[in-house]
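Structural overview for review
Next come the chains, spelled out residue by residue.
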Amino acid sequence: MVREANTKQALSEKQLKEAHGKIDMLQAEVTALKTLVITSTPSSPNRELHPQLQSPSKVVFKKGHSRNKSTSSAIVTPAPPAPQVQPVSKESKEVDPVLFEEFQQWKEEPTLDKTCPFLERIYREDVWPCLSFAKRELAQSVQDAVENNTLSIEPAAAQTLPLVKVSAIECGGPNGWRSQIITKCALTGLSKACKHRIKLGDTGNYYYISPSCRARITAVCNFFTYIRYIQQGLVRQEVEQMYWEIMRLRKEIATAKLGLYTDDT
């Protein structure tokens, strides 16, 4: 009986050791699986966990039982590449020696005489093309008023539009309010939303103009205002700073002349 008991005890101890060994093996497998799952993300998938992502030449075939991929692992689609950030372009500038020399000569004795080389160029390249409209007679009057500083621009109230002189179509806005009035622009003759009107000198006549015409007239007026300030000695800047401000104003004239403007009304 003692021998039989010893045999049963030895067998039990052997089974207990084998059970402990299986538990250790299972714990090691669980730890390895946790590591694989944690280190696998859509942007950086673990290639050991997802062998389908490996290149054909690098696929390692392992011996042993292989689980069904359709049920044990999902196909991970790599994240799309991040969009490339376009570099911000920086505007560069360089002084034109001919224009700068003409401005320096004009700056020594500032004048509003359009025959001097400095102003003659600006009239020819900027002012005349910008103030050239379909209604030529009125366009000439506008240019004269700009040169003489006798032109005024003011917002046009919808209720003051001259419905008798031109045909107008009232556009209804929300809640019954009038949003804008479409009428003929006095300078182009086209039906536009005329939000401003101009007055030439002391005459009591008002002319309704489109936003584009207003931008063109305003750009030229801004240029003449600045050179008048220089002529009157009100600008306290270096010569090159004045030159670049004039170039900026000329750029505004050129932009408005092409029909590009900001509708800030």
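Residues numbered from 1 in each chain as written. Predicted model: local features only at pLDDT ≥ 70, side-chain atom pairs only at ≥ 80, totals over all residues. Heavy atoms only, no water.

**Considerations on the overall build of the chain**
Scanning the chain for helices and strands turns up seven helices and six strands. Listed by position from the N terminus, the elements making up the chain come as α-α-α-α-α-β-β-β-β-β-β-α-α. On the chain, roughly 19,200 Å² of surface is accessible, and the fraction owed to carbon and sulfur atoms is 55%. (Helix = DSSP H or I, 4+ residues; strand = E, 2+ residues; numbered from the N terminus. Areas by Shrake-Rupley, 256 points an atom, 1.4 Å probe, with all protein chains shown as cover.)

**Regarding the side chain of Asp126**
Tracing the backbone through its elements, the reader meets Asp126 in helix H4 (residues 117-130). Its relative accessible area of 6% is what places Asp126 among the buried residues. There is a polar contact of 2.4 Å between the side chain of Asp126 and the side chain of Arg250. Beyond its immediate sequence surroundings of up to four residues, Asp126 is in contact with Arg121, Arg250 and Ile253. (Buried < 20%, exposed > 50% of the residue type's maximum accessible area, 1.4 Å probe, protein only. Polar contact = N/O pair within 3.5 Å; in protein donor to acceptor, adjacent residues only side chain to side chain. Contact = heavy atoms within 4.5 Å.)

**Let's talk about the sheet that holds strand E5 (residues 196-200)**
Read across the sheet, three strands follow the order E1-E5-E6 without closing on themselves; strand pairing throughout is antiparallel. At either margin of the open sheet sits one strand with a lone partner, and together these are strand E1 (151-155) and strand E6 (206-209). The average undirected angle you get between the axes of adjacent strands in this sheet is 30°. Across four bridges, the pairing between E5 and E6 is antiparallel. Residue pairing across strands places Arg197 opposite Tyr208, the latter belonging to E6. Against the sheet, helix H6 (residues 211-231) touches E1, E5 and E6, its axis set at about 140° to E1. (Pairing = 2+ DSSP bridges. Axes fitted to C-alpha atoms, helices over the stretch in contact; angles between N-to-C directions.)

**What about the packing of aromatic side chains?**
Within the structure shown, the criterion is met by nine aromatic pairs. Summarising the aromatic geometry, the rings of Tyr123 and Phe224 are spaced 5.8 Å apart at their centres and angled 65° between planes, so their arrangement reads as edge-to-face. On the criterion of sequence distance, the pair formed by Tyr123 in helix H4 and Phe224 in helix H6 is long-range, its members being 101 residues apart. Residue Tyr123 is classed as buried on the basis of its relative accessible area of 2%. A network of ring pairs unites the aromatic residues Phe100, Phe103, Trp106, Phe118, Tyr243 and Trp244 as a single cluster. The residue whose ring lies beneath Lys93 is Trp244, and the NZ or CZ to ring-centre distance is 4.8 Å. Above the face of the Tyr206 ring, Arg197 is positioned so that its terminal group lies 3.7 Å from the ring centre. (Phe/Tyr/Trp six-rings, centres within 6.5 Å; stacked < 30°, edge-to-face > 60°. Lys NZ or Arg CZ within 6 Å of the ring centre and 35° of its normal.)

**Digging into the confidence of the model for the chain**
On average, residues of the chain score 79 in pLDDT, and 65% of them are at 70 or above. Between the elements of the chain, mean pLDDT differs from a low of 36, seen in strand E2 (residues 169-172), to a high of 98, seen in H4. A low-confidence stretch, residues 163-179 stays under pLDDT 50, and its non-local contacts, those more than four residues away or across chains, total 24 contacts. (pLDDT = per-residue confidence, 0-100.)

**Quick notes on the packing of helix H3 (residues 97-108) against H4**
A pair of packed helices is captured by two measures, namely the crossing angle of their axes and the spacing between those axes. Between H3 and H4, whose axes approach to 8 Å, the crossing angle comes to 125°. Here H3 is positioned oblique relative to H4, judged by the angle of their axes. Of the residues in H4, those in contact with Val98, Leu99, Glu102, Phe103 and Trp106 of H3 are Pro117, Phe118, Leu119 and Arg121. Of the residues that constitute the contact of H3 with H4, the class distribution is seven nonpolar, no polar and two charged. (Parallel < 35°, antiparallel > 145°, perpendicular 65-115°, else oblique. Nonpolar A, V, L, I, M, F, W, Y, C, P; charged D, E, K, R; others polar.)

**A short note on H4**
Two residues of an α-helix separated by three or four positions point the same way, owing to the 3.6 residues in each turn. The end-to-end C-alpha distance of H4, which contains 14 residues, comes to 19 Å, matching closely the 20 Å that a straight helix rising 1.5 Å per residue would cover. Turning to H4, its buried residues are Phe118, Leu119, Arg121, Ile122, Tyr123, Asp126, Val127 and Cys130. (Expected span 1.5 Å × (residues − 1).)

**Thoughts on the pattern of salt bridges**
Per the counting criterion, the structure on display carries 11 salt bridges. Salt-bridge contacts for Lys114 lead to Glu147; the nearest nitrogen and oxygen are separated by 3.1 Å. Here the residue Lys114 occupies a position in the loop between H3 and H4, and Glu147 occupies one in helix H5 (residues 136-147), the gap between them amounting to 33 residues. Between Arg197 and Glu154 there is a salt bridge, with the nearest N and O atoms lying 2.5 Å from each other. With a gap of 43 residues between them, Arg197 in strand E5 and Glu154 in strand E1 connect regions that are remote in the sequence. Each of Glu102, Glu120, Arg121, Arg124, Glu125, Asp126 and Arg250 takes part in salt bridges that share partners, so that together they form one network. (Salt bridge = Lys/Arg side-chain N within 4 Å of Asp/Glu carboxyl O.)

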